[in-house]
Amino acid sequence: MSKLNKPSRRAFLRNSALMGAALATPLFTLQVTTQRPVIALAQVEGPFALPELDYAFDALEPNIDARTMEIHYSRHHQGYVNNLNNAVVGTEFETMSLEELLSDLAALPEEIRTTVRNNGGGHANHNLYWDIMSPDGGGQPTGDLLGAMEAAFGDYESFQAEFRTAGLTRFGSGWAWLTVDGDGALAVSSTPNQDTPIMDGLTPLLGMDVWEHAYYLNYQNRRGDYIEAFWNVINWARVAERHAAATS
Ligand code: MN3
(Lines give C-alpha, C1' and ligand atoms only; values in the text may rest on other atoms or scores of the structure.)
Protein backbone atom coordinates (compact mmCIF):
# COMPACT_ATOMS: atom_id res chain seq x y z
CA MET A 1 0.00 0.00 0.00
CA SER A 2 1.44 3.35 -0.96
CA LYS A 3 1.99 6.01 1.59
CA LEU A 4 -0.68 8.16 -0.04
CA ASN A 5 -3.39 5.53 0.33
CA LYS A 6 -2.55 4.44 3.82
CA PRO A 7 -5.06 5.90 6.28
CA SER A 8 -3.25 7.87 8.91
CA ARG A 9 -3.86 7.22 12.57
CA ARG A 10 -5.22 10.79 12.77
CA ALA A 11 -7.75 10.13 10.00
CA PHE A 12 -8.76 6.89 11.69
CA LEU A 13 -9.43 8.71 14.93
CA ARG A 14 -11.33 11.45 13.14
CA ASN A 15 -13.52 8.95 11.29
CA SER A 16 -14.16 7.01 14.46
CA ALA A 17 -15.20 10.17 16.19
CA LEU A 18 -17.50 11.01 13.28
CA MET A 19 -19.20 7.65 13.40
CA GLY A 20 -19.54 7.84 17.13
CA ALA A 21 -21.18 11.24 17.03
CA ALA A 22 -24.81 11.70 16.15
CA LEU A 23 -25.04 12.51 12.47
CA ALA A 24 -26.86 15.74 13.21
CA THR A 25 -23.97 16.99 15.30
CA PRO A 26 -21.58 19.12 13.28
CA LEU A 27 -17.97 18.05 13.36
CA PHE A 28 -16.92 21.58 14.24
CA THR A 29 -18.74 23.57 16.86
CA LEU A 30 -20.24 26.96 16.08
CA GLN A 31 -17.67 28.69 18.28
CA VAL A 32 -15.75 29.44 15.12
CA THR A 33 -18.42 31.76 13.82
CA THR A 34 -20.48 32.69 16.87
CA GLN A 35 -19.16 35.57 18.95
CA ARG A 36 -19.33 35.32 22.67
CA PRO A 37 -21.14 38.13 24.46
CA VAL A 38 -18.99 40.95 25.73
CA ILE A 39 -19.06 40.91 29.52
CA ALA A 40 -18.50 44.44 30.76
CA LEU A 41 -16.20 44.94 33.71
CA ALA A 42 -17.94 46.07 36.89
CA GLN A 43 -17.26 49.65 37.94
CA VAL A 44 -14.87 49.97 40.89
CA GLU A 45 -16.12 52.55 43.40
CA GLY A 46 -14.19 55.79 43.27
CA PRO A 47 -14.13 59.31 41.89
CA PHE A 48 -13.74 58.26 38.26
CA ALA A 49 -16.29 56.61 35.95
CA LEU A 50 -16.87 55.87 32.27
CA PRO A 51 -18.44 58.74 30.33
CA GLU A 52 -21.79 58.22 28.64
CA LEU A 53 -21.43 57.50 24.93
CA ASP A 54 -23.48 59.79 22.68
CA TYR A 55 -23.96 57.00 20.15
CA ALA A 56 -24.52 53.25 19.99
CA PHE A 57 -21.64 50.77 19.71
CA ASP A 58 -22.62 50.05 16.10
CA ALA A 59 -23.09 53.69 15.12
CA LEU A 60 -19.59 54.11 13.70
CA GLU A 61 -19.81 51.11 11.37
CA PRO A 62 -18.40 50.33 8.88
CA ASN A 63 -15.46 52.51 9.92
CA ILE A 64 -15.20 51.07 13.44
CA ASP A 65 -17.12 47.86 14.12
CA ALA A 66 -19.57 47.42 16.97
CA ARG A 67 -17.71 44.61 18.73
CA THR A 68 -14.46 46.57 18.78
CA MET A 69 -16.32 49.56 20.20
CA GLU A 70 -18.06 47.51 22.89
CA ILE A 71 -14.91 45.71 24.05
CA HIS A 72 -12.89 48.93 23.86
CA TYR A 73 -15.38 50.87 25.97
CA SER A 74 -16.71 48.35 28.45
CA ARG A 75 -13.50 46.40 29.05
CA HIS A 76 -10.43 48.40 28.09
CA HIS A 77 -11.63 51.84 29.17
CA GLN A 78 -13.43 50.48 32.23
CA GLY A 79 -10.20 48.74 33.18
CA TYR A 80 -8.30 52.03 33.15
CA VAL A 81 -11.03 53.65 35.25
CA ASN A 82 -10.99 50.81 37.76
CA ASN A 83 -7.22 50.73 38.12
CA LEU A 84 -7.17 54.50 38.56
CA ASN A 85 -9.85 54.36 41.25
CA ASN A 86 -8.03 51.58 43.06
CA ALA A 87 -4.87 53.69 43.06
CA VAL A 88 -6.36 56.90 44.48
CA VAL A 89 -9.27 55.81 46.68
CA GLY A 90 -8.45 56.42 50.32
CA THR A 91 -5.55 58.72 49.50
CA GLU A 92 -5.30 62.49 49.56
CA PHE A 93 -5.34 62.41 45.76
CA GLU A 94 -8.89 61.10 45.36
CA THR A 95 -10.34 64.61 45.23
CA MET A 96 -8.02 65.80 42.47
CA SER A 97 -9.22 66.14 38.89
CA LEU A 98 -7.77 63.94 36.18
CA GLU A 99 -6.00 66.95 34.64
CA GLU A 100 -4.48 67.88 38.01
CA LEU A 101 -3.20 64.34 38.52
CA LEU A 102 -1.72 64.03 35.02
CA SER A 103 -0.18 67.48 34.72
CA ASP A 104 2.03 66.95 37.79
CA LEU A 105 2.85 63.27 38.05
CA ALA A 106 6.06 64.09 39.91
CA ALA A 107 3.94 65.25 42.85
CA LEU A 108 2.50 61.75 43.29
CA PRO A 109 4.06 59.17 45.57
CA GLU A 110 6.15 56.67 43.66
CA GLU A 111 3.92 53.73 44.58
CA ILE A 112 0.97 55.11 42.58
CA ARG A 113 2.77 57.27 40.01
CA THR A 114 3.08 54.70 37.22
CA THR A 115 -0.45 53.41 37.80
CA VAL A 116 -1.88 56.93 37.56
CA ARG A 117 0.26 57.67 34.50
CA ASN A 118 -0.93 54.57 32.63
CA ASN A 119 -4.53 54.40 33.81
CA GLY A 120 -5.25 58.08 34.36
CA GLY A 121 -3.75 58.67 30.94
CA GLY A 122 -5.89 55.86 29.55
CA HIS A 123 -9.01 57.39 31.11
CA ALA A 124 -8.28 60.90 29.79
CA ASN A 125 -7.28 59.69 26.33
CA HIS A 126 -10.40 57.55 25.86
CA ASN A 127 -12.71 60.29 27.19
CA LEU A 128 -11.37 62.44 24.37
CA TYR A 129 -11.48 59.65 21.77
CA TRP A 130 -15.19 58.89 22.30
CA ASP A 131 -16.00 62.58 22.37
CA ILE A 132 -14.39 63.54 19.08
CA MET A 133 -16.00 60.71 17.09
CA SER A 134 -19.52 60.74 15.68
CA PRO A 135 -21.69 58.75 13.27
CA ASP A 136 -22.16 62.11 11.51
CA GLY A 137 -18.42 62.75 11.40
CA GLY A 138 -16.05 63.34 8.55
CA GLY A 139 -15.59 66.31 6.29
CA GLN A 140 -13.13 69.03 7.14
CA PRO A 141 -12.68 71.65 9.85
CA THR A 142 -13.81 75.21 9.19
CA GLY A 143 -13.53 78.65 10.79
CA ASP A 144 -10.94 79.45 13.45
CA LEU A 145 -9.76 75.85 13.71
CA LEU A 146 -9.05 75.67 9.99
CA GLY A 147 -7.29 79.03 10.19
CA ALA A 148 -5.08 77.78 13.02
CA MET A 149 -4.32 74.62 11.02
CA GLU A 150 -3.32 76.65 7.99
CA ALA A 151 -1.05 78.78 10.18
CA ALA A 152 0.62 75.69 11.64
CA PHE A 153 0.72 73.27 8.73
CA GLY A 154 0.12 75.30 5.56
CA ASP A 155 -3.16 73.64 4.67
CA TYR A 156 -5.55 70.92 5.82
CA GLU A 157 -4.00 68.27 3.57
CA SER A 158 -0.58 68.89 5.08
CA PHE A 159 -2.06 68.48 8.57
CA GLN A 160 -3.65 65.21 7.43
CA ALA A 161 -0.33 63.94 6.10
CA GLU A 162 1.45 64.76 9.37
CA PHE A 163 -1.28 63.22 11.52
CA ARG A 164 -1.40 60.06 9.39
CA THR A 165 2.38 59.69 9.63
CA ALA A 166 2.28 60.21 13.40
CA GLY A 167 -0.20 57.34 13.70
CA LEU A 168 1.61 55.04 11.28
CA THR A 169 5.07 55.54 12.74
CA ARG A 170 4.14 55.20 16.41
CA PHE A 171 5.83 51.83 17.04
CA GLY A 172 3.74 49.50 19.21
CA SER A 173 0.90 50.97 21.22
CA GLY A 174 0.10 54.65 21.50
CA TRP A 175 -1.73 57.67 20.19
CA ALA A 176 -1.52 60.34 17.49
CA TRP A 177 -2.46 63.87 18.53
CA LEU A 178 -3.43 67.32 17.41
CA THR A 179 -2.63 69.63 20.32
CA VAL A 180 -2.68 73.31 21.14
CA ASP A 181 -0.21 75.00 23.47
CA GLY A 182 -0.64 78.00 25.77
CA ASP A 183 0.17 80.38 22.93
CA GLY A 184 -2.50 78.90 20.68
CA ALA A 185 -0.09 77.07 18.40
CA LEU A 186 -1.24 73.76 16.96
CA ALA A 187 1.07 70.77 16.64
CA VAL A 188 0.91 67.10 15.67
CA SER A 189 2.65 64.51 17.84
CA SER A 190 2.39 60.95 19.07
CA THR A 191 2.84 59.34 22.46
CA PRO A 192 3.60 55.77 23.55
CA ASN A 193 1.25 53.65 25.65
CA GLN A 194 -1.31 55.83 27.46
CA ASP A 195 0.91 58.88 27.82
CA THR A 196 -1.07 62.04 27.20
CA PRO A 197 -0.08 65.52 25.97
CA ILE A 198 -1.56 66.81 29.25
CA MET A 199 1.64 65.52 30.89
CA ASP A 200 3.56 68.03 28.74
CA GLY A 201 1.26 70.97 29.47
CA LEU A 202 -0.49 70.71 26.09
CA THR A 203 -4.22 70.52 25.43
CA PRO A 204 -5.19 67.60 23.19
CA LEU A 205 -7.83 68.56 20.63
CA LEU A 206 -7.93 65.37 18.57
CA GLY A 207 -6.64 61.95 19.57
CA MET A 208 -6.43 58.75 17.55
CA ASP A 209 -5.93 55.50 19.43
CA VAL A 210 -3.48 53.31 17.50
CA TRP A 211 -3.34 50.47 20.00
CA GLU A 212 -4.19 47.23 18.19
CA HIS A 213 -7.26 46.85 20.43
CA ALA A 214 -8.73 49.89 18.61
CA TYR A 215 -8.77 48.18 15.21
CA TYR A 216 -7.48 44.60 15.17
CA LEU A 217 -10.81 42.71 14.98
CA ASN A 218 -11.80 44.51 11.78
CA TYR A 219 -8.49 45.54 10.25
CA GLN A 220 -6.02 43.00 11.75
CA ASN A 221 -2.54 44.45 11.21
CA ARG A 222 -3.66 47.05 8.65
CA ARG A 223 -3.30 50.13 10.84
CA GLY A 224 -3.22 52.35 7.74
CA ASP A 225 -6.72 51.22 6.73
CA TYR A 226 -8.03 52.05 10.21
CA ILE A 227 -6.40 55.48 10.03
CA GLU A 228 -8.07 56.18 6.68
CA ALA A 229 -11.44 55.11 8.12
CA PHE A 230 -10.90 57.28 11.19
CA TRP A 231 -11.18 60.43 9.04
CA ASN A 232 -14.81 59.45 8.37
CA VAL A 233 -15.80 59.54 12.04
CA ILE A 234 -14.03 62.68 13.28
CA ASN A 235 -16.51 65.16 14.76
CA TRP A 236 -14.83 68.39 13.66
CA ALA A 237 -17.47 70.51 15.39
CA ARG A 238 -16.40 69.02 18.74
CA VAL A 239 -12.71 69.46 17.91
CA ALA A 240 -13.47 73.12 17.08
CA GLU A 241 -15.30 73.55 20.42
CA ARG A 242 -12.29 72.16 22.25
CA HIS A 243 -10.03 74.49 20.28
CA ALA A 244 -12.22 77.49 21.10
CA ALA A 245 -12.31 76.59 24.81
CA ALA A 246 -8.54 76.16 24.95
CA THR A 247 -7.74 79.42 23.18
CA SER A 248 -10.40 81.72 24.64
MN1 MN3 B 1 -7.78 52.21 23.54
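Structural data are supplied above this passage.
Just so it is clear, the structure is predicted and the values come from calculations on it, not from any experiment.

Rules used throughout
- Every chain is numbered on its own, with residues counted from 1 as its sequence reads.
- Where totals are concerned, whole chains, interfaces and linings use all residues; where local detail is concerned, this predicted model gives features only for residues with pLDDT of at least 70, and gives and counts side-chain atom pairs only at 80 or more.
- Note that water and hydrogens are dropped before the side-chain values are worked out from all heavy atoms of the structure.
- Helix numbers and strand numbers start at the N terminus; a helix is a DSSP run of H or I with at least 4 residues, a strand a run of E with at least 2.
- Helices are assigned an expected span. That span is 1.5 Å times one less than the residue count.
- Residue contacts follow a heavy-atom distance rule, with two residues in contact if any of their heavy atoms lie within 4.5 Å.
- Only nitrogen, oxygen and sulfur atoms count as donors, using a 2.8 Å cut-off from the metal that widens to 3.2 Å for Na, K and Ca. Water is left out, so coordination shells may look unfilled.
- Accessible area is worked out with a 1.4 Å probe on protein chains only. A residue is then buried under 20% of its type maximum, exposed over 50%, and partly exposed in between.
- Centre distance within 6.5 Å is the pairing criterion for rings of Phe, Tyr and Trp, where only the six-membered ring of Trp is used; planes under 30 degrees apart are then read as stacked, over 60 as edge-to-face, and the remainder as tilted.

Colleague: How should I be thinking about helix α9 (residues 236-247) in this particular structure?
Modeller: Helical periodicity: at 3.6 residues per turn, an α-helix aligns residues three or four positions apart in one direction. With 12 residues, α9 extends 16 Å from end C-alpha to end C-alpha; this agrees with the ideal 16 Å at 1.5 Å per step. As for α9, its buried residues are in contact with α5 (143-153), α6 (156-169), β2 (186-192) and β3 (203-209).

Colleague: Please clarify how the side chain of His-243 should be interpreted in this entry.
Modeller: The residue His-243 is located in helix α9 in this model. Leave out the neighbours within four places in its chain, and His-243 touches Asp-144, Leu-145, Ala-148, Leu-186 and Leu-205.

Colleague: Before we go on, may I ask you to explain the coordination of the manganese ion in this structure?
Modeller: Six octahedral donors around a metal ideally sit at 90 or 180 degrees from one another, while four tetrahedral donors ideally sit at 109.5 degrees. Summarising the metal site, the manganese ion is bound by the protein donors His-72 (NE2), His-126 (NE2), Asp-209 (OD) and His-213 (NE2), whose distances to it range over 1.9 to 2.1 Å. Sequence spacing among the residues donating to the manganese ion works out to H-x53-H-x82-D-x3-H. In this pair, His-72 sits in helix α2 (residues 66-88) while Asp-209 sits in strand β3, placing the two residues 137 residues apart along the sequence. Comparing His-72 with Asp-209 shows no difference in burial state: the two are buried.

Colleague: Quick question: what am I supposed to make of the packing of aromatic side chains here?
Modeller: Centre-to-centre distance and the angle between the planes together describe a pair of aromatic rings. Within this structure, the stated rule accounts for 16 aromatic pairs. Taking the centre distance of 5.6 Å and the plane angle of 35 degrees together, the rings of Phe-159 and Phe-163 count as tilted. Residue Phe-159 and its partner Phe-163 are both found in helix α6; the two are separated by 4 residues, about one turn of the helix. Accessibility assignment for this pair places Phe-159 and Phe-163 in one class, buried. Geometrically, the ring pair formed by Phe-159 and Trp-231 is edge-to-face, given 6.1 Å between the ring centres and 80 degrees between the ring planes. Taken as a pair, Phe-159 in helix α6 and Trp-231 in the loop between α8 (223-230) and α9 lie far apart in primary sequence, 72 residues in all. Per residue, the accessibility class of Phe-159 equals that of Trp-231, and both read buried. Grouping aromatic residues by their ring pairs yields a cluster made of Phe-57, Tyr-73, Tyr-129, Trp-130, Trp-175, Trp-177, Tyr-215, Tyr-219, Tyr-226 and Phe-230.

Taken by themselves, the reported measurements are silent on function.
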